[in-house]
Amino acid sequence: MAATFFGEVVRTPCRAGTEDEEEQEEGRRETPEDKEVRRQLARKREVRLFRRQTKTTLEVSLLEKHPCSKFIIAIGNNAVAFLSSFVMNSGAWEEVGCAKLWNEWCRTTDTAHLSPAEAFCVFYHLKSNPSVMLCQCSCYVAEDQQYQWLEKVFGSCPRKNMQVTILTCRHVTDYKTSESTSSLHTPFLKALKTQNFKEPPFCSLLEQPNIVHDLPAAVLSYCQVWRIPAVLYLCYTDVMKLDLITVEAFKPVLSSRSLKCLVKNIPQSTEILKKLMTANEIQSNIYT
Amino acid sequence: MASRYDRAITVFSPDGHLFQVEYAQEAVKKGSTAVGIRGTNIVVLGVEKKSVAKLQDERTVRKICALDDHVCMAFAGLTADARVVINRARVECQSHKLTVEDPVTVEYITRFIATLKQKYTQSNGRRPFGISALIVGFDDDGIPRLYQTDPSGTYHAWKANAIGRSAKTVREFLEKNYTEDAIANDSEAIKLAIRALLEVVQSGGKNIELAIIRRNQPLKMFSAKEIELQVNEIEKEKEEAEKKKSKKTT
């Protein structure tokens, strides 16, 4: 027993166990109502992969149905804008799937009608070379949903002869360094790769004790475990909303083996990017 | 660690940070760029115009505001906070004029704004103002002034400075290019401000707004045409400089 500051007496935990353990266990047992709530929540948070054109759910994992040799994943609005402007305008891409998921961070409640702008997670392949796949993920995939996402996309036994490139952003205040943060020239790129990725990355590697978070970390870990060559390009920026300078910070990646053959018209891409920025900027009046 | 000391404005962290003030400085970086230049006989304020929605009245989306006939300011950060600070500063300018029969000095009104901002970093239940301001003007003695304030309530005089998004890039440009020759006359100072903004403004002159104050003259806002003329001149000068350079190398 212990007394608190406010005078109440509370039970202190005891590892030796007490007589009252059985009573506590009964209290902890779930009621049918709790079970039902838990089941509904799990169903709501399920990650579903389907084809929007046919409105059918994919029976197998995406990469089992569409095997690829190059898989480029953009996570976050700046990375997505980069791929939209510099890669997707240089060829005909066909949508092959869409991952639908809900969590507390989702602002869109209407998950029935998804437009490309606000779609959660869309997968494309290049019509002229279907072994090149692209993923645009502009939603947040929660921790409990990451494993489901990986299973639905990569499957339980992925091919090892593919190369994965992941692009994402993080706020520079998360970057740990002994230098003063005011001396950092944001935005800047850092890379993290799996053991099987042999190409030299286009920027310096991410130093310890910095770590990668969320879906990019889950994908990279998955690739490391399954020995898939994968590289993550992480852009540290001080502007997390859609920003031209942050998007352009990814440009060095255009010289990589995965992206070089996919990029054709850089001036046109820059124009498309500017239009995207203008369309986005008009929406908010909070900052001037 | 930061999360235990970043909720209340009045709480210092063990290593001496006031996190709310530092977070307010991040809010400033979300605003578009503003640059201020103090010339010999002119002060210039240039800003990156915010994109305006089709149905929005452009006149109501302004980053450069006059505080009095001889003082004006540009801000970066939270729009609503800026409105409150500007209103208070304008009232103070008139109150000062009525009380002591003299217009405010640029330093006085800057100190007023900075003191107001500092108060909000030391009050319980209030948050700091999420804006930085560049305040320019001429005093009675005819000397041009440029001051910058930030959410912590500090203010300093500058020869040239930038605030908002990409302020660092613009400041570096100014450090390299702000010379006595560059501000020798009014048109050079204006061009310097536009060149500094063009470093970070992607769509060129269309997205720039410019204001100047000359000695004993009221604030003048440049029209879009005038800015375009300046931008064209700058581009011509750049081309000529590049031609000269390529001639020298061959």
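Note that the structure is a prediction, hence the values are computed from the model and not measured.

Student: Report on the overall build of chain B, specifying residues and quantitative values.
Tutor: Along its length, chain B carries 6 helices and 10 strands. The buried share among the 250 residues of chain B stands at 47%. Of the roughly 13000 Å² that chain B leaves accessible, carbon and sulfur atoms contribute 50%.

Student: How would you sum up the confidence of the model for chain B? Please name residues and give values.
Tutor: Here chain B averages 90 in pLDDT, and 96% of its residues register 70 or above. Scored as a whole, the predicted complex attains pTM 0.64, and scored at its interfaces, ipTM 0.82.

Student: I'd like to hear about the interface of chain B and chain A, residue by residue, with values.
Tutor: One frequent convention defines the size of an interface as the accessible area lost when the parts assemble. Contacts between the two partners involve 22 residues from chain B, matched on the other side by 21 residues from chain A. Roughly 1900 Å² of surface becomes buried between chain B and chain A when both sides are summed, with 51% attributable to carbon and sulfur atoms. Considering only the side of chain B, the residues that lose the most area to chain A are B:Lys30, B:Lys50 and B:Gln202, jointly responsible for 30% of the buried surface there. Counting across the chain B and chain A interface gives 0 salt bridges. For the side of chain B that touches chain A, the secondary structure elements donating two or more residues are α1 (19-28), β4 (71-77) and α4 (167-177) of chain B. At 3 residues, the largest contribution of residues to the side of chain B that touches chain A is made by β4(B). For the side of chain B that touches chain A, a count of residues per class yields 6 nonpolar, 8 polar and 8 charged.

Analysis parameters
Residues numbered from 1 in each chain as written. Chains lettered and ligands numbered in written order. Predicted model: local features only at pLDDT ≥ 70, side-chain atom pairs only at ≥ 80, totals over all residues. Heavy atoms only, no water. Helix = DSSP H or I, 4+ residues; strand = E, 2+ residues; numbered from the N terminus. Buried < 20%, exposed > 50% of the residue type's maximum accessible area, 1.4 Å probe, protein only. Areas by Shrake-Rupley, 256 points an atom, 1.4 Å probe, with all protein chains shown as cover. pLDDT = per-residue confidence, 0-100. Contact = heavy atoms within 4.5 Å. Buried area = accessible area lost by both parts, 1.4 Å probe. Salt bridge = Lys/Arg side-chain N within 4 Å of Asp/Glu carboxyl O. Nonpolar A, V, L, I, M, F, W, Y, C, P; charged D, E, K, R; others polar.

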